[in-house]
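Survey of secondary and tertiary structure
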Amino acid sequence: DAGVTQSPTHLIKTRGQQVTLRCSPKSGHDTVSWYQQALGQGPQFIFQYYEEEERQRGNFPDRFSGHQFPNYSSELNVNALLLGDSALYLCASSLLASPATDTQYFGPGTRLTVL
Amino acid sequence: AQSVTQLDSHVSVSEGTPVLLRCNYSSSYSPSLFWYVQHPNKGLQLLLKYTSAATLVKGINGFEAEFKKSETSFHLTKPSAHMSDAAEYFCVVSHSGYALNFGKGTSLLVTP
């Protein structure tokens, strides 16, 4: 059973550029959440997608947007990159209908460096 | 609002001695509480989870945590530390399947 997968593993961009990160959830999971983990910090919630709709959003600007596809995979898009966007971006998946809806399983992350 | 406070940013123990990582939570609702571990250059792994069943929760790799409502605490313990336990540990609170709110993390160092 494949776990949560993310691509790419590493990415280097320059300020002002745009980036797209991808996530495939764990088999059978229908909900995808994205987190940003700055160096030395705990992950911060960006947003969560369910049924192709944004279900909840954290305190992130509109430069951060997302999408969920019918197969439950998801993309995170960041426009107009800033140096402060450099971080590890984590995707987590869960099953909304499960009694254990809070249990989120994380992928290995995408390391984004903005120069 | 839900939040957690990890009381120690760094904990150092000797191999074979007990581990205690402290976490206090704040929640207006009956929370779900978790401990996740993050090894260097690896993803987050769920250690254990509390969801209002038994207050003593057993997790993987010999870790356990006790939910104490009167103290609003959810401390993580292990009777005997192993070198492979060295990692970053995060206490996390959630409600009804929405956002996970992470603490700032506790770095566990295990010395020979």
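This report concerns the structure included in the present document. (Residues numbered from 1 in each chain as written. Chains lettered and ligands numbered in written order. Predicted model: local features only at pLDDT ≥ 70, side-chain atom pairs only at ≥ 80, totals over all residues. Heavy atoms only, no water.)

Comments concerning the nonpolar core
Nonpolar side chains in soluble globular proteins generally cluster together in the buried interior. Judged by nonpolar contacts, the single largest core of 26 residues is most densely connected at B:W35, B:L48, B:L76 and B:Y89. Of the residues forming this core, the biggest block, four residues, is contributed by strand β10 (residues 87-94) of chain B. Excluding its chain neighbours within four sequence positions, the residues that come into contact with B:L48 are B:L33, B:F34, B:W35, B:V57, B:K58, B:G59, B:F63, B:E64, B:A65, B:F74 and B:L76. Core analysis: the second largest hydrophobic core is formed by 20 residues, A:F60, A:L76, A:V78 and A:L112 among them. (Core = buried A, V, L, I, M, F, W, Y, C linked by side-chain atoms within 4.5 Å. Buried < 20%, exposed > 50% of the residue type's maximum accessible area, 1.4 Å probe, protein only. Helix = DSSP H or I, 4+ residues; strand = E, 2+ residues; numbered from the N terminus. Contact = heavy atoms within 4.5 Å.)

Some words on the interface of chain A and chain B
At the interface, 20 residues of chain A touch 19 residues of chain B. Of the roughly 1,600 Å² buried where chain A meets chain B, counting both sides, 51% is carbon and sulfur surface. There are zero salt bridges connecting chain A and chain B. Elements with a contribution of two residues or more to the side of chain A that touches chain B: β4 (31-37), β5 (44-50), β6 (53-57) and β9 (87-94) of chain A. When grouped by side-chain class, the residues that make up the side of chain A that touches chain B number eight nonpolar, 10 polar and two charged. (Buried area = accessible area lost by both parts, 1.4 Å probe. Salt bridge = Lys/Arg side-chain N within 4 Å of Asp/Glu carboxyl O. Nonpolar A, V, L, I, M, F, W, Y, C, P; charged D, E, K, R; others polar.)

Topic: the layout of surface pockets
Empty space within the largest pocket amounts to approximately 520 Å³. If you go around the largest pocket, you meet 22 residues; those closest to its centre are A:Q37, A:L88, A:R111, B:Q38 and B:N41. Element by element, the count of residues in the lining of the largest pocket is highest for β10(B), at three residues. The volume enclosed by the second largest pocket comes to roughly 340 Å³. Along the wall of the second largest pocket there are 20 residues; nearest its centre are A:F45, B:Q2, B:A99, B:L100 and B:N101. If you list the elements that add at least two residues to the lining of the second largest pocket, you get β5 of chain A together with β11 (101-102) of chain B. Classifying every residue of the lining of the second largest pocket gives nine nonpolar, 10 polar and one charged. (1 Å grid on protein atoms, 1.4 Å probe; cavity = no way out; pocket = protein on both sides within 12 Å on 5 of 7 lines; lining within 4 Å. Points joined across faces, edges and corners; volume = space filled by probe spheres on them.)

Focus: the sheet that holds strand β7 (residues 64-68) of chain A
Within a sheet, neighbouring strands are paired by backbone hydrogen bonds and run either parallel or antiparallel to one another. All names here are of chain A. With respect to topology, four strands assemble into an open sheet ordered β1-β3-β8-β7, the strand pairing being antiparallel. What marks the edges here is a single partner per strand, and that holds for β1 (5-7) and β7. Averaged over all pairs of adjacent strands, the angle between their axes in this sheet comes to 20°, without regard to strand direction. In this sheet, strand β3 (residues 19-24) lies alongside β1 in antiparallel orientation, the contact comprising three bridges. Paired with Q6 across the bridge in β3 is C23. (Pairing = 2+ DSSP bridges. Axes fitted to C-alpha atoms, helices over the stretch in contact; angles between N-to-C directions.)

Side note on the state of the cysteines
Going through the model one piece at a time under the given rule, you end up with two disulfides over all chains. Disulfide pairing places A:C23 opposite A:C91 at an S-S distance of 1.8 Å. Between A:C23 and A:C91 the disulfide shows an S-S torsion of about -60°. By sign, it is left-handed. Placement of A:C23 in strand β3 and of A:C91 in strand β9 is noted, with a sequence separation of 68 residues between them. When sorted by exposure, A:C23 lands in the same class as A:C91, which is buried. Each sulfur of the disulfide joining B:C23 and B:C91 lies 2.0 Å from the other. (Disulfide = S-S within 2.5 Å.)

As for the packing of aromatic side chains
Going through the model one piece at a time under the given rule, you end up with 14 aromatic pairs over all chains. Summarising the aromatic geometry, the rings of A:F47 and A:Y49 are spaced 5.3 Å apart at their centres and angled 85° between planes, so their arrangement reads as edge-to-face. For the pair A:F47 and A:Y49, a shared accessibility class is recorded, and that class is buried. Centre to centre, the rings of B:F63 and B:Y89 are 5.6 Å apart; their planes meet at 45°, and the pair counts as tilted. Of the two residues, B:F63 is situated in the loop between β7 (56-58) and β8 (64-68) and B:Y89 in strand β10; the sequence distance between them amounts to 26 residues. The pair B:F63 / B:Y89 is uniform in exposure class, with both members buried. An aromatic cluster is defined as three or more aromatic residues linked by ring pairs; in this entry it consists of A:Y35, A:F45, A:F106, B:F34, B:Y36, B:F90 and B:F102. The ring of A:Y105 has A:K26 sitting right over it, with the charged end atom 5.5 Å from the ring centre. (Phe/Tyr/Trp six-rings, centres within 6.5 Å; stacked < 30°, edge-to-face > 60°. Lys NZ or Arg CZ within 6 Å of the ring centre and 35° of its normal.)

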